[in-house]
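Structural overview for review
Here is how the chains run, residue by residue.
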Amino acid sequence: MASKAGPKPQPRGGKKKNRRAHRNIQTRSSTSSSASSKKRPKGKSTLLGKTIKLEITDMAQGGFAMGRHRGKAVFVPYTLPGESISAEIYQDRGSAIFARGKDLYAASADRVSARCAHFGLGRCWACQFQHIDYQAQLLLKQDVLADQLARVGKLPDSLIDSVMRPLAPASEQWGYNHRLSLSRAAAGGWGLPRQAKGGIEALAECHTAHPDLMDTLGKLDIDYEQARRLVLQRGSDDRIMVIFHVDEEVAPALHTDLPLSVNLLLPDNSPINLIGAPYSTVSVADRAIRITAGSYMRPNINQIGALAEEVMRALELGGGEKALDLYAGAGFFSAVMAERAELITLVESYPPAANDAEFNLRQFDHIDIVEGQVEAVLGDMTAGSARYDVALVDPPGSGINGAIVDSLLGLGVRRIVYVSGDPASLARDCRRLIDAGFQLKSLQAVDMAPQTFYITAVAAFQR
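As the structure is a computational prediction, the values presented were derived from the model and not from experiment. (Residues numbered from 1 in each chain as written. Predicted model: local features only at pLDDT ≥ 70, side-chain atom pairs only at ≥ 80, totals over all residues. Heavy atoms only, no water.)

Within the open sheet, the eight strands sit side by side as β8-β23-β24-β22-β21-β18-β19-β20. Their pairing is mixed. Lying at the two open borders of the sheet, with one neighbouring strand each, are β8 (164-168) and β20 (367-371). Averaged over neighbouring strand pairs, the angle between their axes works out to 15° when direction is ignored. Here strand β22 (residues 415-420) pairs with strand β24 (residues 456-462) via six bridges, running antiparallel. If you follow S420 over to β24, its bridge partner there is A457. Helix α4 (residues 304-315) rests against β8, β21 (390-393), β22, β23 (439-446) and β24 of the sheet, and its axis sits at about 160° to β22. Docked against the sheet, helix α6 (residues 351-360) engages β19 (343-348) and β20, running at close to 170° with respect to β20. (Pairing = 2+ DSSP bridges. Helix = DSSP H or I, 4+ residues; strand = E, 2+ residues; numbered from the N terminus. Axes fitted to C-alpha atoms, helices over the stretch in contact; angles between N-to-C directions. Contact = heavy atoms within 4.5 Å.)

Rendered as structure tokens:
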């Protein structure tokens, strides 16, 4: 946006209400909003292409800030609460409008210069917050999480205030991602999705990726038409893994002098090793964890230890509990829990990840590993009259469903620790668990992704 003369910048943090949970955000995001599920009004909107003046009042889930025009929520990227702007409307969904900022009349004191040349309107959308001072990012993420709990989960302010702790900052604000997932750009090269315009922004630089990944990307000369996605993954041992997602099983002709391992992921997500090791090794909390190509790995591996500390604090294990580790991946959380639980049953549906868990936990004889879908496994356990005391749930962004909650009740679970990467699904599941008889006891967010809107939270429930 171009800056124009106008009022002085707002005080740091903008208006006071921008530092506490916003209650008037009407839409979650451009991709996960309640407005997106409603039908577009008949006929072409008369607002498309119009430029409007806007006071930005809130930060919304999904990376957009929000103002209001004629009673409708207007979502604008790359802006901040407390700012005054002009914006051009490019999409009208009926109850929500999306616009591009044009002129900045009054800037927030939390606004900073972005590091990356790819950051900005119509460019790479992997980062959304590079224009925001890091301390302000933390506060705004806290606001968004509180808003989702109140609006989607229908939790009262008094409960949110009593359980929510200040968001724990990341130890590194830049160069923290040890995994970079790229798509093929139409003009050549590999890159990340663009904002609004669509397509792929071919990367010349990325300041959230570990420098070794960008150095490797610059050295790769890839002519492999079957590959639709390219993943670069760095282990704690500095070794780089290259993973090609392919649409058909056609192995490339490879030659490399680089110290790389190379693997394919077939359309059914089965891994095939071509060069070097089929896995990365990640060291977290003094534990070496093997992660096979295709298995899930949190990209900010240097922050996983902080997340594990919050998980253990929330679990409150005393040493005699029978515990469930659901959506367990390669078994890291089970390894952390192992010394404080009598029995752990780990459930993971992706076969290579379950194999990783078996390898990573081979020294523990009180951990059972079950490969299968969580719903089906819990259903069988309930039918078999199994009993457990606590459950750690680390689901994908879609969260959990009612069948899982019913099974946890049937298994006698009295404490649930829920690790979430999506505030909207967490808020929905908070309401689901509370309605089932659990109490929300604590909520601690951990920043795993600076410069982005993503929030990881650890919620503890007690029955």
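The topology assignment puts Q233 in strand β12 (residues 227-234). Excluding residues within four positions of it along the chain, Q233 makes contact with H178, R179, L213, R239, I240, M241, I243, S280, I291 and M297.

The next subject is the side chain of D325. Its place among the elements puts D325 in strand β18 (residues 322-326). R298 provides the closest opposite charge to the buried, salt-bridge-free D325, at an N-O distance of 9.0 Å. Residues in contact with D325, not counting those within four places in the same chain, are F333, S334, M337, I344, T345, L346, V347 and L392. (Buried < 20%, exposed > 50% of the residue type's maximum accessible area, 1.4 Å probe, protein only. Lys, Arg positive; Asp, Glu negative; His and termini not counted. Salt bridge = Lys/Arg side-chain N within 4 Å of Asp/Glu carboxyl O.)

Next up on the list: the layout of surface pockets. Roughly 340 Å³ of internal volume is contained in the second largest pocket. Taken together, 19 residues make up the lining of the second largest pocket; nearest its centre are L220, D221, I222, L254 and H255. Within the residue set of the lining of the second largest pocket, elements represented by two or more residues are β13 (240-246) and β14 (260-265). Along the lines of polarity and charge, the residues of the lining of the second largest pocket split into twelve nonpolar, three polar and four charged. (1 Å grid on protein atoms, 1.4 Å probe; cavity = no way out; pocket = protein on both sides within 12 Å on 5 of 7 lines; lining within 4 Å. Points joined across faces, edges and corners; volume = space filled by probe spheres on them. Nonpolar A, V, L, I, M, F, W, Y, C, P; charged D, E, K, R; others polar.)

A word on helix α1 (residues 134-151). When the terminal C-alpha atoms of α1 are compared, their 26 Å separation across 18 residues agrees well with the 26 Å that a helix rising 1.5 Å per residue should span. With 16 of 18 residues buried, α1 lies mostly within the body of the structure. Capping of α1 at its N-terminal end is provided by D133; its side-chain oxygen lies 3.2 Å from the backbone amide nitrogen of Q135. (Expected span 1.5 Å × (residues − 1). Polar contact = N/O pair within 3.5 Å; in protein donor to acceptor, adjacent residues only side chain to side chain.)

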